[in-house]
Amino acid sequence: MRGITVMAVRTTSYGKRGTYEYTDPSGTTHSYFREASASEIEVSYHPDDPAESVGV
């Protein structure tokens, strides 16, 4: 995906599936749900729609 890539930080307790959060340049925090157990993951989003993200 082309766009902005950031690190999203896990905000739920550890397990197989988790919620991750990232902040766009305007300071708005967005959530991303993924089946992963890492403490951080990379996500990408289009600059015109930071709420729509995909895991990298």
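Refer to the structure presented above.
### Points about the sheet that holds strand β3 (residues 29-34)
The strand order β3-β2-β1-β4-β5 describes an open sheet built from five strands, whose pairing is antiparallel. The outermost strands of the open sheet, each flanked by one partner alone, are β3 and β5 (49-55). Averaged over all adjacent pairs, the angle separating strand axes in this sheet is 40 degrees, with direction ignored.

### Brief notes about the pairing of β3
In terms of strand pairing, strand β2 (residues 18-23) meets β3 through six bridges, oriented antiparallel. The residue bridging Thr-23 from the neighbouring strand is Thr-29, located in β3. Here β2 folds back onto β3 in antiparallel fashion, the turn holding five residues, of which Gly-27 has a positive phi close to 95 degrees.

### Side note on the side chain of Ser-53
Considering the arrangement of structural elements, one finds Ser-53 in strand β5. When its relative accessible area of 13% is taken as the criterion, Ser-53 is described as buried. A polar side-chain atom of Ser-53 sits 3.3 Å from a polar atom in the side chain of Tyr-22. Leaving out residues up to four positions away in the same chain, Ser-53 has contacts with Tyr-22, Tyr-32, Val-43, Ser-44 and Tyr-45.

### A few points about the packing of aromatic side chains
Within this structure, the stated rule accounts for one aromatic pair. Ring geometry for Tyr-22 and Tyr-45: centres 5.5 Å apart, planes at 20 degrees, overall stacked. Separated by 23 residues along the polypeptide, Tyr-22 in strand β2 and Tyr-45 in strand β4 (residues 40-46) bring together distant segments of the chain. This pair shows no difference in class: Tyr-22 is buried, exactly as Tyr-45 is.

### Topic: the nonpolar core
Within the largest apolar cluster, nine residues are counted, these being Val-6, Ala-8, Tyr-20, Tyr-22, Tyr-32, Ala-36, Ile-41, Val-43 and Tyr-45. Elements represented by at least two residues in this core include exactly β1 (4-10), β2 and β4. For this core, the element with the highest residue contribution is β4, accounting for three residues.

Parameters and conventions
Residues numbered from 1 in each chain as written. Predicted model: local features only at pLDDT ≥ 70, side-chain atom pairs only at ≥ 80, totals over all residues. Heavy atoms only, no water. Pairing = 2+ DSSP bridges. Helix = DSSP H or I, 4+ residues; strand = E, 2+ residues; numbered from the N terminus. Axes fitted to C-alpha atoms, helices over the stretch in contact; angles between N-to-C directions. Buried < 20%, exposed > 50% of the residue type's maximum accessible area, 1.4 Å probe, protein only. Polar contact = N/O pair within 3.5 Å; in protein donor to acceptor, adjacent residues only side chain to side chain. Contact = heavy atoms within 4.5 Å. Phe/Tyr/Trp six-rings, centres within 6.5 Å; stacked < 30°, edge-to-face > 60°. Core = buried A, V, L, I, M, F, W, Y, C linked by side-chain atoms within 4.5 Å.

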